[in-house]
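Structural features, examined
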Amino acid sequence: MNDNEATSLAGTRLSLLVRKALQIREAAAHFEHDWPPLMRRPPMPAFAWTELERQLLSLAPEALAPMVRDLVSAVRKEAGPKPPEMVLREILIVAATVLDETFHAKWREAWAEDTTMS
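Residues numbered from 1 in each chain as written. Predicted model: local features only at pLDDT ≥ 70, side-chain atom pairs only at ≥ 80, totals over all residues. Heavy atoms only, no water.

1. Some words on the overall build of the protein
Spelled out, the test is: What counts as a helix is a DSSP run of H or I of at least four residues, what counts as a strand is a run of E of at least two, and both are numbered from the N terminus. We call two residues in contact when some of their heavy atoms are within 4.5 Å. All accessible areas in this document rest on Shrake-Rupley with a 1.4 Å probe, and a residue is counted as covered only by the protein chains that are shown.
Within the protein, the regular secondary structure consists of five helices and zero strands. Scanning the protein from its N terminus toward the C terminus, one meets helices and strands in the order α-α-α-α-α. At a minimum sequence separation of 6, the contacts of the protein that also span at least 24 residues come to 64%. Only carbon and sulfur atoms are counted for the fraction: they give 60% of the accessible area of the protein, which is about 9,400 Å².

2. Looking at the confidence of the model for the protein
This is how it is decided: For every residue, the predictor assigns a confidence score, pLDDT, that lies between 0 and 100.
Averaged over all residues, the pLDDT of the protein is 88; the fraction at 70 or higher stands at 87%. Model confidence for the protein, summarised as mean pLDDT per element, is weakest for helix α5 (residues 101-117) at 71 and strongest for helix α2 (residues 49-59) at 97.

3. Looking at the environment of alanine 60
Counting through the fold element by element, alanine 60 comes out in the loop between α2 and α3 (65-78). Taking C-alpha positions, alanine 60 is 9.1 Å from threonine 97, a pair spaced 37 residues apart along the chain.

4. Here's the deal with a nonpolar patch on the surface
Applicable threshold: Patch definition: residues above 30% relative accessible area lacking any salt bridge, with like charges linked at up to 9 Å and the nonpolar side chains Val, Leu, Ile, Met, Phe, Trp and Tyr linked at up to 5 Å. Any Lys or Arg side-chain nitrogen found within 4 Å of a carboxyl oxygen on Asp or Glu counts as a salt bridge. The classification of residues rests on relative accessible area computed with a 1.4 Å probe and restricted to protein chains. Under 20% of the type maximum is buried, over 50% is exposed, and intermediate values are partly exposed.
A contiguous nonpolar patch, built from Leu14, Val18 and Leu22 and spanning about 270 Å² of accessible area, is present on the exposed surface. Tracing the chain through its elements places valine 18 in helix α1 (residues 3-34). The exposure class assigned to valine 18 is partly exposed, which follows from its relative accessible area of 43%.

5. Here's the deal with helix α4 (residues 84-99)
Applicable threshold: Given a helix with a known number of residues, its expected span is that number minus one, times 1.5 Å.
Here α4 contains 16 residues, and its C-alpha end-to-end distance of 23 Å stays within 8% of the 22 Å for a straight helix at 1.5 Å per residue. Three or more residues of α4 are buried, namely Met86, Val87, Glu90, Ile91, Val94, Ala95 and Val98.

6. Description of the pattern of salt bridges
Considering all chains together, one arrives at four salt bridges under this definition. Arginine 69 serves as the salt-bridge partner of glutamate 53, at 3.8 Å between the closest nitrogen and oxygen. You can see glutamate 53 sitting in helix α2 and its partner arginine 69 sitting in helix α3, a full 16 residues away along the chain. One salt bridge connects lysine 82 with glutamate 90, and the closest N-O pair in it is separated by 2.7 Å.

7. Some remarks on the nonpolar core
Stated precisely, the cut-off is as follows: Buried Ala, Val, Leu, Ile, Met, Phe, Trp, Tyr and Cys residues form a nonpolar core when they are joined through side-chain atoms within 4.5 Å.
Counting 14 residues, the largest nonpolar core has Leu56 and Val68 as its most contacted members. Of all the secondary structure elements, the ones that give two or more residues to this core are α2, α3 and α4. Here this core gets five residues from one element, more than from any other, and that element is α4. Contacts of leucine 56, omitting those with residues within four sequence positions, involve Val68, Val72, Val94, Ala95 and Val98.

Dropping the structure here:
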């Protein structure tokens, strides 16, 4: 790889990071438009991302464990610039997916097809 290729690759990566940051900012702005911050926000118990992951893993079938870890990681990585209520909503979506029996069946079918095609 020469210097021009390395510079081009670095520029592409930077461009992708900037695009992702702008997408997150736009999504957060839309969320706050639809769900303006509440004036009264009684505190709720604090918990760690590892505790959230542990609890979601306990609710999920064992086969979904890698997906649960990936989803929690994705929510955690993008949580910083988002409103807390938006992060809460994303956590609830992950929990609903973990508990959705029809999703389990569809995931098993898709996974079985992928393994037979490989």
